[in-house]
Amino acid sequence: MIRTRGRAASAAASFGVAAGVTRAVYEGLRRFGAGDARWERTNHAGRTVGLWAGPATALGAAAGSGSGAAALAVLAAGACGAYDDARGDHRRGFRAHLTALRHGEVTSGAVKLFGIGAAGMAAGALLKERPVDKLLAGVVIAGTAHLVNLVDVRPGRAALLVLGLGAPGLLRGPLAAAPMGAAAAVLGEDLAERTMLGDQGAHALGAALGTAVAAGNGRLGLAVHAAGLVAAAVYGERVSACARGTAHVSAHTVAQAPAQAPAQASALTRVGDPGR
């Protein structure tokens, strides 16, 4: 009982720190970047929105994690995503970016692929002791970062996914709570189409969630999650199409939206392994 209360208090504190830092950074960037085209993008509906949520959630999730491994994964994934937000091109999918790399062109997608992959492996090495577990943890962290970015195709999709998948891990400690707090802090603005996470925010939140998944699982759980995430990456276009095709999420339907997070992703990345 005491241990459970301690975990709950730690998770609540992590959630609060992540949400507070995210909100403070968001408001500061919104004031600083208002009217600056470098901070603006056009969303799927043709509306101009700000990119302030990206760096805000990356910093918030890192600050709230209380873990060196998580902070490393989050900040590195966020940096790679920020590079793509600034320098990205129209090409999608690993195959397109690897083809360009074979022809001597380093695309923003290749930077993300290798940068986030390396960060995931480094974080996995810090979390686990045995080589196989380190490798699987790295795949889970990088794969979850990619998964969250895949569903970030409509307002609120990525943030709601993080909230839904992170909830089971709240009583296991601060790692799952940090990305949830960061996502919750900007969810309203995201749904209202005033801001977007961009690749920076989506990858950072995904890396934070992936670190929680990796930390909460033993070898069997890691292997199952890794296999599912690799499959999601292979069928990435289908995952994104599913996220686009689910019931429209808008500000007035936010109360119903959490239950509509993509079912495939929920099966892939639940935090925690009861058999650990």
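Here, the structure is the one placed above.
Below: a short report on this structure. Predicted model, so just to flag it, every value in this text is computed and none were measured. (Residues numbered from 1 in each chain as written. Predicted model: local features only at pLDDT ≥ 70, side-chain atom pairs only at ≥ 80, totals over all residues. Heavy atoms only, no water.)

Right, let's talk about a nonpolar patch on the surface for a bit. A surface patch of nonpolar side chains, amounting to about 310 Å² of accessible area, comprises Val230, Val234 and Tyr235. Residue placement: Tyr235 occurs in the loop between α10 (219-234) and α11 (236-245). (Patch = residues over 30% accessible without salt bridge, like charges linked within 9 Å, V, L, I, M, F, W, Y side chains within 5 Å. Areas by Shrake-Rupley, 256 points an atom, 1.4 Å probe, with all protein chains shown as cover. Salt bridge = Lys/Arg side-chain N within 4 Å of Asp/Glu carboxyl O. Helix = DSSP H or I, 4+ residues; strand = E, 2+ residues; numbered from the N terminus.)

It is worth spelling out the side chain of Asp190 at this point. Position of Asp190 among the secondary structure elements: in helix α8 (residues 174-191). Despite its burial, Asp190 pairs with no opposite charge; the closest candidate is Arg157, at 9.1 Å N-O. Those residues within four positions of Asp190 in sequence are excluded, and the remaining contacts are Pro155, Gly156, Ala159, Thr195, Met196 and Leu197. (Buried < 20%, exposed > 50% of the residue type's maximum accessible area, 1.4 Å probe, protein only. Lys, Arg positive; Asp, Glu negative; His and termini not counted. Contact = heavy atoms within 4.5 Å.)

Okay, the nonpolar core next. Counting 55 residues, the largest nonpolar core has Val140 and Leu205 as the members making the most contacts within it. Among all residues touching Val140, those that are not within four sequence positions of it are Gly210, Val213, Ala214, Leu222, His225, Ala226 and Leu229. (Core = buried A, V, L, I, M, F, W, Y, C linked by side-chain atoms within 4.5 Å.)

All chains considered together, the criterion is met by 7 salt bridges. Here Glu27 makes a salt bridge to Arg30, at a shortest N to O gap of 2.6 Å. Remark: Arg30 and Glu27 occur in helix α1 (residues 2-33); sequence separation between them is 3 residues, near one turn of the helix. Between Lys112 and Asp84 there is a salt bridge, with its nearest N and O atoms 3.4 Å apart. Here Lys112, found in helix α5 (residues 108-127), pairs with Asp84, found in helix α3 (residues 68-87); they are 28 residues apart in sequence, far enough to count as distant. A single burial state applies to Lys112 and to Asp84, both of which are buried. Taken together, the shared-partner salt bridges in this structure form one network comprising Arg23, Glu27, Arg30 and Glu189.

What follows deals with the packing of aromatic side chains. Under the defined criterion, the tally for this structure stands at 1 aromatic pair. When the ring of Tyr26 is compared with that of Trp52, the centres are 6.1 Å apart and the planes differ by 80 degrees; the resulting orientation is edge-to-face. Of the two residues, Tyr26 is situated in helix α1 and Trp52 in the loop between β2 (48-50) and α2 (53-65); the sequence distance between them amounts to 26 residues. By relative accessible area, which is 2% here, Tyr26 ends up buried. With relative accessibility at 10%, the residue Trp52 sits in the buried group. (Phe/Tyr/Trp six-rings, centres within 6.5 Å; stacked < 30°, edge-to-face > 60°.)

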